[in-house]
Amino acid sequence: LFFFFFKQKTAYEMLRSLVGSEMCIRDSPKGQLTVVEKKGNEWVSNTVSSDTIFNGKCVLVGFPGAFTPQCTSKHIPEYIQKSQELKQKGVSKVYALAVNDPFVLQAFAKSLGGDENVSFIADGGAVFTKQLDVGCDLTDKGLGYRARRFSAIVENNKVTQFNDEKSPNMTDLSRVGTILDQLKK
């Protein structure tokens, strides 16, 4: 079990905005995240240090789950399709966060024909999602607790842009076009 906190904000301030917050994990014997990524022609699961995952300029995108209709047809495929354009704008990695296990996210990544520029954070127990306060309860839809739709630009562990849908529904706010526009500024 680990606890995620933001150095520059209190827990109450985190509910309002993540912009300006520094991402780090404290009180953790491991401080590790499970990341599903493409290595050569294979998709593999790796344990990655939480201290180094957001080094450089990264995009973090939250989505309710693998194989859900909008996530499969539109939201995540757009990030994969635009991954080269994001890279040209200085993004070293895109991380897609979902409350799914790594086996499901691996199958999802394969089904989308993803590339090495988009990796998936498998947050099966929703620990990371809850610590970031970017989740929502979809029990009434049979899905349980999930990540809601959001996108963020994180530079050297610091959130510089945060686009929160505040629900599992999708508007243009968390889509790749918004991130591309923010990268122009």
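Up top you'll find the structure we're talking about.
Residues numbered from 1 in each chain as written. Predicted model: local features only at pLDDT ≥ 70, side-chain atom pairs only at ≥ 80, totals over all residues. Heavy atoms only, no water.

### A word on the packing of aromatic side chains
Scanning all chains against the criterion turns up seven aromatic pairs. An angle of 25° between the planes, with centres 5.7 Å apart, marks the rings of F63 and F108 as stacked. Here F63 is found in the loop between strand 5 (57-62) and helix 2 (69-81), whereas its partner F108 is found in helix 4 (residues 102-112), with 45 residues between them in sequence. On the accessibility criterion, F63 (0% relative accessible area) is buried. With a centroid separation of 6.0 Å and 80° between ring planes, the pair formed by F108 and F120 is classed as edge-to-face. A residue pair is termed long-range when its members are at least 10 positions apart, and F108 in helix 4 and F120 in strand 7 (residues 118-122) qualify at twelve residues. The class of F108 is buried, set by a relative accessible area of 0%. Overall, the relative accessible area of 0% leaves F120 in the buried class. A connected cluster of aromatic rings, assembled from ring pairs, spans W43, F63, F67, F108 and F120. The lysine or arginine in question, K130, covers the ring of Y145, its NZ or CZ lying 5.0 Å from the ring centre. (Phe/Tyr/Trp six-rings, centres within 6.5 Å; stacked < 30°, edge-to-face > 60°. Helix = DSSP H or I, 4+ residues; strand = E, 2+ residues; numbered from the N terminus. Buried < 20%, exposed > 50% of the residue type's maximum accessible area, 1.4 Å probe, protein only. Lys NZ or Arg CZ within 6 Å of the ring centre and 35° of its normal.)

### Here's the deal with the environment of C136
Relative to the helices and strands, C136 resides in strand 8 (residues 135-137). With a relative accessible area of 14%, C136 lands in the buried category. In sequence terms C136 and R149 are 13 residues apart; their C-alpha atoms lie 9.4 Å from each other. Setting aside anything within four residues of it in sequence, one finds C136 in contact with G144, Y145, R146, A147, R148 and P168. (Contact = heavy atoms within 4.5 Å.)

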